[in-house]
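Remarks on the overall topology
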Amino acid sequence: MTRAIEIGLVACESCELVMRAADPITGTCPRCGERIDRRKPNSLGRPLAFLIAAAALYVPANTLPIMVTEQFPLHRTDTILSGIAFLWSEGSWLLAALVFSASVLVPMLKLAAMGVLLFTSARRSSWRPRGRTKLYRVLETVGHWSMLDVMVVALLAAVVQLGRFASIEPGPALIPFAGVVLMTMLASASFDPRAIWDHVGPRSVHERE
Ligand SMILES: [Zn+2]
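Residues numbered from 1 in each chain as written. Predicted model: local features only at pLDDT ≥ 70, side-chain atom pairs only at ≥ 80, totals over all residues.

A word on the nonpolar core
Of all hydrophobic cores here, the largest spans 25 residues; its most connected members are Ala54, Val180 and Ala187. Of all the secondary-structure elements, those providing two or more residues to this core are helix H1 (45-63), helix H2 (80-89), helix H3 (93-122) and helix H6 (174-190). Those residues in contact with Ala54, other than ones at most four positions away along the chain, are Leu111, Val180, Met183, Thr184 and Ala187. (Core = buried A, V, L, I, M, F, W, Y, C linked by C-beta atoms within 7 Å. Buried ≥ 20, exposed ≤ 12 C-beta atoms within 10 Å, placed from the backbone. Helix = DSSP H or I, 4+ residues; strand = E, 2+ residues; numbered from the N terminus. Contact = placed C-beta atoms within 7 Å.)

In structure tokens, the structure reads:
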């Protein structure tokens, strides 16, 4: 296996033109004008910074109230978890499971997956490069649906209670929660999956997974 970088070739990330080098003056793709990098700049430091920000925001996202519901004389403030517990206790198991996956499980798995990718890249690991590339693809695909997490939390739990509560307002946790989603998205976007293969010897391509 020969990597493009070894024989001086680079592909445009936007139009996929393969070339010897970017336009020497502008550093851009001669066909579409996209900036050409052999690897994304600082492809470990940047995603790591975004990942740390996401992990830090995960705390207020889960401890601050995500919604405040009111119907005189009832007044409830719910965190994500207490909201899920409430749905569960009310017998809305499916909805509780849905909100749990969208707002707790998926964001946590995304953080963990990004952590694994960064940790193995920082260690210059040659461990399961195909698996890690696949993991990155899944992360990117899930990322396209990311704002859905926020919508689910903001709307779904509210909609189900609409019948019984006069007023439902989103709580302060919604902002850090959206921050978690955004930071995770930026982390995976600034990571360069090509770096996974930089420390993999030619033999590893024949590995079985
Ligand atoms: Zn191009």
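Here the narrative resumes, following the displayed structure.
Points about the pairing of strand S4 (residues 74-78)
Relative to S4, strand S3 (residues 67-71) runs antiparallel, the two being bridged by five bridges. In the sheet register, Thr69 faces S4, and the bridge partner there is Arg76. (Pairing = 2+ DSSP bridges.)

Some details on the sheet that holds S4
Across a sheet, strands are paired by hydrogen bonds formed along the backbone, either parallel or antiparallel in direction. On the basis of which strands lie adjacent, the open sheet formed by three strands has the order S4-S3-S5 and antiparallel pairing. Each having just a single partner strand, S4 and strand S5 (167-170) make up the two edges of the open sheet. This sheet shows a mean twist of 10 degrees between the axes of neighbouring strands, independent of strand direction. Two strands pair when backbone bridges link them, and S3 and S5 are joined in this way by four bridges, in the antiparallel orientation. Pairing of Val68 across the sheet is with Glu169, part of S5. (Axes fitted to C-alpha atoms, helices over the stretch in contact; angles between N-to-C directions.)

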